[in-house]
Amino acid sequence: MDINNKARIHWACRRGMRELDISIMPFFEHEYDTLSDEDKATFIRLLECDDPDLFNWLMNHGKPSDTHLQHMVQLIQTRNRERGPVAI
């Protein structure tokens, strides 16, 4: 997926699991444009992971073996925490 195709990335962010939507959608909407191209590519790779894995990683029930994906999970958690609660 192209890092500049925001419509497609936005669609990929929609997971159908409330917990994931609450974590991923706000991060994409508020932070994606500020990421480096490398981090954008990593974010897209993260979106290609299975929902159960994403859920576990974002809820701190484990972490990805890939260090770049670990970094992205931590970045999502940190930025979302700094921004505060979001209502969906």
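Reading the values: rules and limits
- Residues numbered from 1 in each chain as written.
- Predicted model: local features only at pLDDT ≥ 70, side-chain atom pairs only at ≥ 80, totals over all residues.
- Heavy atoms only, no water.
- Helix = DSSP H or I, 4+ residues; strand = E, 2+ residues; numbered from the N terminus.
- Rg over C-alpha atoms; globule rule 2.2 N^0.38 Å.
- Buried < 20%, exposed > 50% of the residue type's maximum accessible area, 1.4 Å probe, protein only.
- Contact = heavy atoms within 4.5 Å.
- Areas by Shrake-Rupley, 256 points an atom, 1.4 Å probe, with all protein chains shown as cover.
- Lys, Arg positive; Asp, Glu negative; His and termini not counted.
- Charge placed at Lys NZ, Arg CZ, Asp CG, Glu CD.
- Phe/Tyr/Trp six-rings, centres within 6.5 Å; stacked < 30°, edge-to-face > 60°.
- pLDDT = per-residue confidence, 0-100.

Attention shifts here to the overall build of the protein chain. Within the protein chain, the regular secondary structure consists of 5 helices and 0 strands. The secondary structure elements of the protein chain, listed N-terminal to C-terminal, are α-α-α-α-α. For 88 residues, the compact-globule estimate of 2.2 N^0.38 gives 12 Å, and the protein chain sits close to it at 12 Å. Taken along its principal axes, the extent of the C-alpha atoms in the protein chain is 30 × 30 × 25 Å. Within the protein chain, buried positions represent 39% of all 88 residues. In the protein chain, of all internal contacts separated by at least 6 residues, the share reaching a separation of at least 24 is 58%. With the model as given, the accessible surface of the protein chain reaches about 5,300 Å², and the carbon-plus-sulfur share is 48%. Separation between the mean location of the 11 positive side-chain charges and that of the 15 negative ones in the protein chain comes to 3 Å.

Under the criterion given, the structure shown has 4 aromatic pairs. Aromatic pair phenylalanine 28 and tyrosine 32: ring centres 5.2 Å apart, planes at 45 degrees, arrangement tilted. Judged by relative accessible area, tyrosine 32 falls into the buried class, the value being 1%. The interplanar angle of 55 degrees and the centroid separation of 5.9 Å between the aromatic rings of tyrosine 32 and phenylalanine 43 together place this pair among those described as tilted. Placement of tyrosine 32 in the loop between helix H2 (18-31) and helix H3 (37-47) and of phenylalanine 43 in helix H3 is noted, with a sequence separation of 11 residues between them. Across this residue pair, the class does not change: tyrosine 32 and phenylalanine 43 are buried. Taken together, the aromatic side chains of Phe27, Phe28, Tyr32 and Phe43 make up a single cluster linked through ring pairs.

Turning next to the confidence of the model for the protein chain. The predicted model of the protein chain has a mean per-residue pLDDT of 92, with 95% of residues at 70 or higher. The spread of mean pLDDT over the elements of the protein chain runs between H2, the lowest at 93, and H3, the highest at 97.

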